[in-house]
Amino acid sequence: MVFKTQGFSKIILLLIILIILGGGYYLWQNQLGSSTPKSDVETADWKTYRNEGYGFEFKYPESWVVDAPKIFSSEINSFTVKISPPDTKGKISLVFYGDKNPEIVQAWSNTKIGDPDVEDLEKVYNISPEIKIIKIFSTGVPVPHSEYYIVDLKKERYSILTFSFVDGKLSYTEALNSSEYRAMSNEVEQVVSTFKSI
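Numbering of residues starts from 1 in every chain and runs along the sequence as written. Two thresholds apply to this predicted model, a pLDDT of at least 70 for residue-level local features and 80 or more for giving and counting side-chain atom pairs, whereas whole-chain, interface and lining totals are computed over all residues. Computation of side-chain values: all heavy atoms of the structure, hydrogens and water removed.

Predicted confidence across the protein gives a mean pLDDT of 76, with 78% of residues reaching 70 or more. As a per-residue measure, pLDDT tells how confident the predictor is, with possible values from 0 to 100. Secondary structure elements are taken from DSSP: a helix is a run of H or I of four residues or more, a strand is a run of E of two residues or more, and numbering for both begins at the N terminus. Between the elements of the protein, mean pLDDT differs from a low of 61, seen in helix H1 (residues 2-30), to a high of 90, seen in strand S1 (residues 47-51). Contacts are assigned to residue pairs with any non-hydrogen atoms lying within 4.5 Å of each other. Low pLDDT (under 50) marks residues 25-35, which in the prediction has 16 contacts with non-local residues, meaning those over four places away or in another chain.

Pairs of strands are assigned from DSSP output, requiring at least two bridges between the strands. As paired strands, S1 and strand S2 (residues 56-60) are joined by five bridges and run antiparallel to one another. Note that in S2 the partner of asparagine 51 across the bridge is phenylalanine 56. Linkage of S1 to S2, two consecutive antiparallel strands, is achieved through a turn of four residues, within which glycine 55 is found at a positive phi near 75°.

Attention shifts here to the pairing of strand S8 (residues 131-138). Burial classes: relative accessible area under 20% of the type maximum marks a residue as buried, over 50% as exposed, and values in between as partly exposed (1.4 Å probe, protein chains only). Counting buried residues in S8 gives eight out of eight residues, a clear majority hidden from the surface. Taking every second residue as pointing to the same face, both faces of S8 are buried, with Ile131, Ile133, Lys135 and Phe137 on one and Lys132, Ile134, Ile136 and Ser138 on the other. For strand S7 (residues 121-126) and S8, the ladder comprises five bridges, and the chain directions are antiparallel. Among the inter-strand pairings, asparagine 126 is bridged to a residue of S8, identified as lysine 132. A loop of four residues connects S7 with S8, the two strands running antiparallel in sequence. Judged from the eight bridges that link them, S8 and strand S9 (residues 145-152) form a sheet pairing that is antiparallel.

What follows is about a nonpolar patch on the surface. Like charges are joined within 9 Å and nonpolar side chains (Val, Leu, Ile, Met, Phe, Trp, Tyr) within 5 Å, but only among residues with over 30% relative accessible area and no salt bridge; these make up the patches. Here the Shrake-Rupley method, with its probe set to 1.4 Å, supplies the accessible areas, and only the displayed protein chains count as covering residues. By definition, a salt bridge exists where a carboxyl oxygen of Asp or Glu is found within 4 Å of a side-chain nitrogen of Lys or Arg. Taken together, Ile11, Ile12, Leu15, Ile16 and Ile20 make up a surface patch of nonpolar side chains, about 460 Å² in accessible area. Along the polypeptide, isoleucine 20 turns up in helix H1. For isoleucine 20, a relative accessible area of 58% puts it in the exposed group.

In this section: the nonpolar core. Core analysis: the largest hydrophobic core is formed by 30 residues, its most contacted members being Phe56, Phe58, Ile83, Ile92, Ile133, Leu161 and Phe163. Counting only elements with at least two residues in this core, the list comes to S2, strand S5 (78-84), strand S6 (90-97), S8, S9, strand S10 (157-165) and helix H4 (179-193). Among the elements that line this core, the one with the most residues is H4, at five residues. Look past the residues within four positions of isoleucine 133 in its chain and what remains in contact with it is Lys123, Val124, Tyr125, Ile127, Tyr148, Tyr149, Ile150 and Val192. Nine residue types can take part in a nonpolar core, namely buried Ala, Val, Leu, Ile, Met, Phe, Trp, Tyr and Cys, and a core is a set of them joined through side-chain atoms within 4.5 Å.

Attention now moves to the packing of aromatic side chains. We call Phe, Tyr and Trp rings a pair once their centres come within 6.5 Å, taking the six-membered ring for Trp, and we label the pair stacked below 30 degrees between planes, edge-to-face above 60, and tilted otherwise. Tallying each qualifying case throughout the model produces eight aromatic pairs. Judged by centre distance (5.8 Å) and plane angle (10°), the rings of phenylalanine 56 and phenylalanine 195 are stacked. Remark: phenylalanine 195 occurs in the loop between H4 and strand S11 (196-197) and phenylalanine 56 occurs in strand S2; sequence separation between them is 139 residues. On the basis of an interplanar angle of 10° and a centroid distance of 5.9 Å, the ring pair of phenylalanine 163 and tyrosine 181 is categorised as stacked. Of this pair, phenylalanine 163 sits in strand S10 while tyrosine 181 is found in helix H4, placing the two residues 18 residues apart along the sequence. The class of phenylalanine 163 is buried, set by a relative accessible area of 2%. Judged by relative accessible area, which is 7%, tyrosine 181 ranks as buried. Of the aromatic side chains, those joined through ring pairs into one cluster are Tyr49, Phe56, Phe58, Tyr60 and Phe195.

What follows is the structure in structure tokens.
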């Protein structure tokens, strides 16, 4: 009888340990967000856009076109950089707000999956201890449209990367389900994952 009780106790203890480990893994995956966007896209041959003045860089596909930076607002010290594929079916606009806003950055820094205060929240990426990215999918425009909020905790600055897919031959639903949109979204995820504060 003693042996049966000891064996039963060991099984119960093992089950408790497994439940604790499983719960910890679930929280790590779902509450803290994934470390980086995962993709099969190879970025080794990509070019690098680097801006010393604003202190950031990111990689982009070699065939894509980068427009010269334009001043967005001299009052808040911000500018835009646009990059797009050569076929012009997609457009990525990067809007970098140079002003420091600790309150907004702190609000974004606490965002996690399941946050009821963030409408259309899709993903949260922890790129590094200083960089956090929040992906929001928006249906409020006539084309498939995603926004990435890039939060730089160290510099107390946030940036917005907007990705919209345009194809005049397709309806909104057709464009959203097209293989081209999915492939381009995959590349955009990789562009986002290469963002660095310098």
